[in-house]
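A look at the structure
For reference, the chains in residue letters:
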Amino acid sequence: MKIFKYSGNGQISVIEADKISLDELKDSWLDLKTDNLPEDIFGLKIEKGLLNEDEYCQVEDGINYTLVKISYIGKDNVFKTIYFFVTSDAAITIHKEDSTPINHFIKKINAIIKDEKENIIKFNNFVLAQLLYEIVDKNMDVISTIDDNLQNLRNSVEKNSIDLTIINKIRDNIKTFSRVLLYQSVIISSMKRGEGEYISNKDVGYYAADILAELDKYGKLSAGLEKELNGIIQAIESKNLTEYTKYTARLSIAIELLTRASVLFMIPNSIFTLWPSIYPQEVMLFGLPNWTIEVMIATISIIFAQLMISYIYKGIKEIKV
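Description of the structure in this document.

Looking at the overall build of the protein
Along the protein, the regular secondary structure elements total seven helices and 11 strands. Taken over 321 residues, the protein has a buried fraction of 38%. Of the contacts made within the protein by residues no fewer than 6 positions apart, 60% connect residues no fewer than 24 positions apart. A total of about 18700 Å² of accessible surface is found on the protein, and carbon and sulfur atoms cover 56% of it.

Concerning the sheet that holds strand 1 (residues 2-8)
Pairing is mixed in the open sheet, where seven strands are placed in the order 2-1-3-9-8-7-6. Bordering the open sheet on either side are strand 2 (11-16) and strand 6 (58-61), each of which pairs with just one other strand. On average, adjacent strands in this sheet sit at an angle of 15° to one another, irrespective of strand direction. Across four bridges, the pairing between strand 8 (residues 79-86) and strand 9 (residues 90-95) is antiparallel. Bridge pairing links V86 to A91 in strand 9. Helix 1 (residues 100-107) rests against strand 1, strand 3 (28-33), strand 7 (66-73), strand 8 and strand 9 of the sheet, and its axis sits at about 140° to strand 3. Strands strand 1, strand 2 and strand 3 of the sheet are contacted by helix 2 (residues 109-116), whose axis makes an angle of about 150° with strand 2.

Regarding the pairing of strand 6
Relative to strand 7, strand 6 is paired through four bridges, and the arrangement is antiparallel. Its bridge partner being in strand 7, V59 is matched across the sheet by V68.

Observations regarding the side chain of S190
Assignment of secondary structure puts S190 in helix 5 (residues 164-192). Relative accessible area serves as the criterion here: at 5%, S190 is assigned to the buried category. In contact with S190, other than residues within four places in its own chain, are V59 and E195.

Focus on the environment of S189
Residue placement: S189 occurs in helix 5. Placed 23 residues apart in sequence, S189 and L212 show a C-alpha to C-alpha distance of 7.6 Å. Side-chain polar atoms of S189 contact the backbone oxygen of S185, separated by 2.9 Å.

As for helix 4 (residues 139-158)
Taking 1.5 Å per residue as the helical rise, helix 4 with its 20 residues ought to reach 28 Å, and the 29 Å between its terminal C-alpha atoms agrees with that figure. Every buried residue belonging to helix 4 is among N139, V142, I143, I146, L150, L153, S156 and V157, and all of these are buried. Seen from one end, helix 4 has its buried residues packed into an arc of 145°, which puts them on one side. Directly beyond the C-terminal end of helix 4, a positive phi value near 55° is found at N160.

What counts, and where the lines are drawn
Residues numbered from 1 in each chain as written. Predicted model: local features only at pLDDT ≥ 70, side-chain atom pairs only at ≥ 80, totals over all residues. Heavy atoms only, no water. Helix = DSSP H or I, 4+ residues; strand = E, 2+ residues; numbered from the N terminus. Buried < 20%, exposed > 50% of the residue type's maximum accessible area, 1.4 Å probe, protein only. Contact = heavy atoms within 4.5 Å. Areas by Shrake-Rupley, 256 points an atom, 1.4 Å probe, with all protein chains shown as cover. Pairing = 2+ DSSP bridges. Axes fitted to C-alpha atoms, helices over the stretch in contact; angles between N-to-C directions. Polar contact = N/O pair within 3.5 Å; in protein donor to acceptor, adjacent residues only side chain to side chain. Expected span 1.5 Å × (residues − 1). Arc of directions from axis to C-beta.

Take a look at the structure:
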C-alpha cells in the first residue's frame, strides 16, 4: 500500500508499507486496494451500519471519522465505488478494483500540490477535494461512450438493421448516468454546506463551486443525449409508420384488384353456365351464331360491371377524404 505524507510548503513523500498506525498517518493519505471493506483499518473501526447499498453516494459521520462514499461509471460502463475515510489528520481511500481517478491523481500529485500549496490548509481535505475533481472528470468518458453508441444507432437506422436491445441499453446507461450525476451533486453540495464532522467546509468549499459547475455541465450534456435518443426513436417510429402505410396501400390495391377480378369473372362464368340451358348451341340469333351473341353479352356485362365498380370505389374514396 502507498502512503503519501505531506511535509508542508508543497512537499510530499511517498512511503510503501504493509502496516501503519493511525497516529503515524498525520498529514497523510493512505490508498488501500482490497476486495472487501475491512472492519478495522490499523485501528480505525469501520461501522458497516453506516453504509447503504442502495445509495450511490453518502456522507456519514462515524465515531472518529467521516465516511464519504462516492460512485462513478468507469471504463466499459463498469460501476465503481470509492470509500473515503477522513479523520482529524488523515485521509484513507479504499476501493476494490484499480481506480483511474486515483491513479491519475497519484501520477500528477506533486505538480498539483506544488501549484495549490497556498490553498492547502488540511491535507486530508485537500486530497478529498482533488479526488472529487478526478472522479467528476471521468464523467466525460461516459458522455463519449454514450455518444458513440448513439452514432452506431444512427448508422443502424440508415442501414435498416435496428436492434431494439441497443436502444434499451443506451436508455438505461443515460438513466444510470443521470442518477450518478445527481448523487454526486448532492453530496458535494452537502459538504459545501458543512456536513461531515471531519470535513472542513472552508477547505472543500473552495473547490466545491467549480466541481458543481462541472456536474451541471455534464447534467446538461446528459439531457442532450437523452433528447437525441428520443429523436432517433421518433425517426425509427416515423420510418416504421411510413413502411406500414406503404404496405397497407399495397395491400389495399391487391384486395381491390382481387375483388374486381372475382366480380368480373363471376359475370361471364354465370352467363356461360346459364346460356346453354336457354338457347341450344346450334340456334341462330339475329342471324348470328349463338356463341357469338353469348360472348358479346358477356363482354358488355364485364365492361358495365367494371364501370359500376370504378364508380362505387371512387365514391368510397371521396367519403374517406
